[in-house]
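Take a look at the letters that make up each chain.
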Amino acid sequence: MPDAWSEKRERQYEHVKETLKRQDRSETEAEEIAARTVNKTRAQEGEAEEASRASLEDKSPAERGGERSHQGPQGRTKAQLYEDAKRQGVEGRSTMSKAELEEAVEDR
């Protein structure tokens, strides 16, 4: 358990991870998604020292209920793709459409 996580967040992480594993997700993928879910919740609840704008402005994982679980035709939001492109140092990202951002992030 990361030092910053409370016991409540650790329980949340384990619950999400086990649910994903029951849905035939790999251990690695389940751990990654569970950690992202917990960290986003921490950011929105003011428990994290830093938070991306996308995390703060988006619906909470509880409200969203898995509607953008990277499996449907919509995938990640444009804001999420923009943040990924920013981390990857993609040039011209501010003028890209969602489709262009998806392609740029996948190419790297």
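Residues numbered from 1 in each chain as written. Predicted model: local features only at pLDDT ≥ 70, side-chain atom pairs only at ≥ 80, totals over all residues. Heavy atoms only, no water.

Enquirer: How should the pattern of salt bridges be read in this particular structure?
Expert: Pairing between side chains of opposite charge can happen when the charged atoms of each approach one another. Following the criterion strictly, the structure yields 10 salt bridges and no others. One salt bridge connects glutamate 27 with lysine 21, and the closest N-O pair in it is separated by 3.0 Å. Using a relative accessible area of 34% as the deciding quantity, one classes glutamate 27 as partly exposed. Overall, lysine 21 belongs to the partly exposed group, its relative accessible area being 30%. (Salt bridge = Lys/Arg side-chain N within 4 Å of Asp/Glu carboxyl O. Buried < 20%, exposed > 50% of the residue type's maximum accessible area, 1.4 Å probe, protein only.)

Enquirer: Help me understand helix 5 (residues 78-88) in this model?
Expert: An α-helical turn contains 3.6 residues, so a residue and the one three or four places further along point in the same direction. What helix 5 keeps buried is the set Leu81, Glu83, Asp84 and Ala85. Buried residues belonging to helix 5 abut helix 3 (53-57) and helix 6 (98-107). Glycine 89 lies just past helix 5 and shows a positive phi near 75 degrees. (Helix = DSSP H or I, 4+ residues; strand = E, 2+ residues; numbered from the N terminus. Contact = heavy atoms within 4.5 Å.)

Enquirer: Explain the packing of helix 1 (residues 7-22) against helix 2 (residues 27-44) to me, please; I cannot follow it from the model alone.
Expert: The packing of two helices is summarised by the inter-axis angle and the distance between the axes. One way to put it is that helix 1 packs onto helix 2 with a least axis distance of 8 Å and a crossing angle of 140 degrees. Considering the relative orientation of helix 1 and helix 2, their crossing is right-handed. Facing helix 1, whose interface residues are Arg9, Gln12, Tyr13, Val16, Lys17, Leu20 and Lys21, helix 2 presents Glu27, Ala30, Glu31, Ile33, Ala34, Ala35, Thr37, Val38, Thr41 and Arg42. Looking at the contact of helix 1 with helix 2 residue by residue, the classes come out as eight nonpolar, three polar and six charged. (Axes fitted to C-alpha atoms, helices over the stretch in contact; angles between N-to-C directions. Left-handed = near helix turned anticlockwise from the far one by under 90°. Nonpolar A, V, L, I, M, F, W, Y, C, P; charged D, E, K, R; others polar.)

Enquirer: Looking at this structure, how should I read the side chain of arginine 9?
Expert: Here arginine 9 is to be found in helix 1. Within the structure, the side chain of arginine 9 is placed 3.1 Å from the side chain of glutamine 12, a separation counted as a polar contact. One polar contact links arginine 9 to glutamate 47, side chain to side chain, over a distance of 2.8 Å. Setting aside residues up to four positions removed in sequence, arginine 9 forms contacts with Val38, Thr41, Arg42, Glu45 and Glu47. (Polar contact = N/O pair within 3.5 Å; in protein donor to acceptor, adjacent residues only side chain to side chain.)

Enquirer: I keep staring at a negative patch on the surface and nothing clicks. Help me out?
Expert: Taken together, the side chains of Glu100, Glu103, Glu106 and Asp107 define an acidic patch exposed on the protein surface. Looking at the element boundaries, glutamate 103 is found in helix 6. (Patch = residues over 30% accessible without salt bridge, like charges linked within 9 Å, V, L, I, M, F, W, Y side chains within 5 Å. Areas by Shrake-Rupley, 256 points an atom, 1.4 Å probe, with all protein chains shown as cover. Lys, Arg positive; Asp, Glu negative; His and termini not counted. Charge placed at Lys NZ, Arg CZ, Asp CG, Glu CD.)

Enquirer: Teacher, can you tell me more about the environment of alanine 43 here?
Expert: With respect to the helices and strands, the residue alanine 43 is situated in helix 2. Separated by 17 residues in sequence, alanine 43 and serine 60 place their C-alpha atoms 9.8 Å apart. Once residues within four sequence positions are removed from consideration, alanine 43 is found in contact with Ala48, Ala51, Ser55 and Leu56.

Enquirer: Help me understand unusual backbone geometry, please; the structure alone is not making it clear to me.
Expert: Generally, phi is negative for residues other than glycine and the peptide bonds are trans, each holding for most cases. Within the chain, aspartate 24 stands out as a residue other than glycine whose phi angle is a positive 65 degrees. Note on placement: aspartate 24 falls in the loop between helix 1 and helix 2. With relative accessibility at 72%, the residue aspartate 24 sits in the exposed group.

Enquirer: Would you take a moment to explain helix 6 for this structure?
Expert: Every buried residue belonging to helix 6 is among Leu101, Ala104 and Val105, and all of these are buried. Down the axis of helix 6, the buried set is contained in an arc of 95 degrees. They therefore lie on one face. Of the residues in helix 6, the exposed ones pointing more than 90 degrees away from the buried face are Glu103, Glu106 and Asp107. Residues of helix 6 that are buried in the fold lie against helix 5. (Arc of directions from axis to C-beta.)

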